Amino acid sequence: MQAAFYEKVGPAREVLQLGALPEPQPGAGEVRVRIEWSGVNPSDVKSRLGLRSKELPFPRIIPHSDGAGVIDAVGDGVAKVRIGQRVWTWNAAWGRPHGTACESVCLPQAQAVLLPTGVEGAAGACLGIPALTALHAVLMDGGVAGKTVLVAGGAGAVGHYAVQMAGRLGAARVIATVSTPEKAVLAREAGADEVVFYQTEPLAERVLALTGGLGVDRIIELDFAANAEADLKMLRPGGECVVYGSGSPTMQLPFFPLIARNLQLKFFIVYHLAPGDRERAVTTLTRMLERGALQHNIAARLPLAEIAAAHELVESGRAAGNVVLQLPG
Ligand SMILES: NC(=O)c1ccc[n+]([C@@H]2O[C@H](COP(=O)([O-])OP(=O)(O)OC[C@H]3O[C@@H](n4cnc5c(N)ncnc54)[C@H](OP(=O)(O)O)[C@@H]3O)[C@@H](O)[C@H]2O)c1
């Protein structure tokens, strides 16, 4: 099968290779997915760059956790009826050497979820990380019904889903931060009631003005190091900041605003969702997909052969949305 892979960490063009690798065979409890689309996420870029570890956990890594395709073989213990199902994948490259940047991947069957009819494959390759991250951030700890929610980066891969999902799941009001008028349009089309240009407007002051001085109930935060100071000002007493990313590995926080206003900080990584949380997110996402209730913000579609360009695009932060690769077959 055709595959993209790397055997050492480093810049995309230096380490990513294309070549033929043996086709995998599904083991017990596994399905084999003939991949049609592979999603590229910042996490894949960080692993390939060696930001998590300079040592590769496996001698060769086929990157990317997200993908979509058709099940073409199953291992022992898996119902034959799964053959032919269109599916999307989660955690394909997390703690495993074999992700979706190739023609075939074998996975435990729960990691290949039925893709509802009418959802295109390219969108299926955006679900495992961006959509599940957004949905868990919205659903966790009682959800957002009746709440005012601020989504940082409301035009990004995760943020664009978070804006939509917060609205669908009953948020009273959704405010999104963006950097450009084009991204403001994306966030508004996703359902943001208000947008704030976080780079050129005084963020906390604007959000407080928009909320009559009360602040917001929940912030869904993608760069806590950059935005923490404003976040603590924008939260109402007892409000919560759900953090799924940070541009810096270390940071300092002021203790008194946090404790005096009973603010809550919550962190999570989508790779390690508890089984019950994952099941809730997958079930809710499936319902949304079946109803056609989600827009999928695909910024770039490239062939597998251009994987290095795709990684560079994600790494640059220039893509306003998801970047996906199409497999040759
Ligand atoms: N914890 C998890 O499980 C998890 C899951 C998914 C992603 N993540 C992390 O979350 C981050 C975002 O992922 P993504 O896939 O959504 O990336 P993305 O598609 O590149 O989106 C990031 C968006 O945020 C905006 N942005 C950048 N800095 C910002 C800031 N300081 N304040 C507000 N907006 C800002 C960017 O646009 P402008 O630069 O134009 O503002 C862009 O629209 C990455 O660091 C990723 O590794 C974590």
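Just so we're clear, the structure is a prediction, and the values are computed from it rather than from any experiment.

S.K.: What should I look at first to understand the site of the ligand in this one?
M.R.: With respect to spatial proximity, 22 residues lie near the ligand, and among them Lys46, Ser179, Lys183, Tyr198 and Val270 are the closest. The contact in question runs from an oxygen atom of the ligand to an N or O atom on the side chain of Ser179, over 2.4 Å. Here Tyr198 contributes a side-chain N or O atom positioned 2.5 Å from an oxygen atom of the ligand. For the shell around the ligand, the secondary structure elements donating two or more residues are α2 (42-49), α4 (127-139), α5 (157-168) and α8 (224-234). Residue classes in the shell around the ligand are distributed as 12 nonpolar, 7 polar and 3 charged. Two domains each donate at least three residues to the shell around the ligand, and these are domain 1 (2-126 + 296-326) and domain 2 (130-271).

S.K.: Just to check I follow, could you spell out the environment of Trp90 for this structure?
M.R.: Within the secondary structure layout, Trp90 lies in the loop between β5 (86-89) and β6 (104-108). Considered as a pair, Trp90 and Val324 are 234 residues apart in the sequence and their alpha carbons are 15 Å apart. Excluding residues that lie within four positions of it along the chain, Trp90 makes contacts with Ser65, Ala110, Gln111, Val113, Gly128, Leu132 and Arg278.

S.K.: Whenever I open this one, the environment of Val87 confuses me. Can you help?
M.R.: As for its position among the elements, Val87 is in strand β5. What makes Val87 buried here is its relative accessible area of 0%. Val87 sits 53 residues away from Arg34 along the chain, and the two C-alpha atoms are 9.6 Å apart. If near-sequence neighbours (up to four positions away) are discounted, Val87 is found in contact with Val33, Gly67, Ala68, Gly69, Ile71, Arg82, Ala112, Val113, Leu114 and Leu115.

S.K.: Sorry if this is basic, but what is going on with the packing of aromatic side chains here?
M.R.: Overall, the coordinates contain 3 aromatic pairs when judged by the stated rule. Measuring from centroid to centroid gives 3.8 Å for Trp94 and Tyr271, while their planes differ by 0°, and the two rings are stacked. Separated by 177 residues along the polypeptide, Trp94 in the loop between β5 and β6 and Tyr271 in the loop between β13 (264-267) and α10 (275-290) bring together distant segments of the chain. Ring geometry for Phe224 and Phe267: centres 6.0 Å apart, planes at 80°, overall edge-to-face. In this pair, Phe224 sits in helix α8 while Phe267 sits in strand β13, placing the two residues 43 residues apart along the sequence. According to the relative accessible area criterion, Phe267 is exposed, its value standing at 54%. For Arg60, the ring lying beneath its charged end belongs to Phe5, and the centroid distance is 5.1 Å. In this structure, Arg301 is placed above the aromatic ring of Trp37, and the distance from its NZ or CZ to the ring centre is 5.7 Å.

Parameters at a glance
- Residues numbered from 1 in each chain as written.
- Predicted model: local features only at pLDDT ≥ 70, side-chain atom pairs only at ≥ 80, totals over all residues.
- Heavy atoms only, no water.
- Near = heavy atom within 4 Å.
- Polar contact = N/O pair within 3.5 Å; in protein donor to acceptor, adjacent residues only side chain to side chain.
- Helix = DSSP H or I, 4+ residues; strand = E, 2+ residues; numbered from the N terminus.
- Nonpolar A, V, L, I, M, F, W, Y, C, P; charged D, E, K, R; others polar.
- Domains from an automatic or database assignment.
- Contact = heavy atoms within 4.5 Å.
- Buried < 20%, exposed > 50% of the residue type's maximum accessible area, 1.4 Å probe, protein only.
- Phe/Tyr/Trp six-rings, centres within 6.5 Å; stacked < 30°, edge-to-face > 60°.
- Lys NZ or Arg CZ within 6 Å of the ring centre and 35° of its normal.

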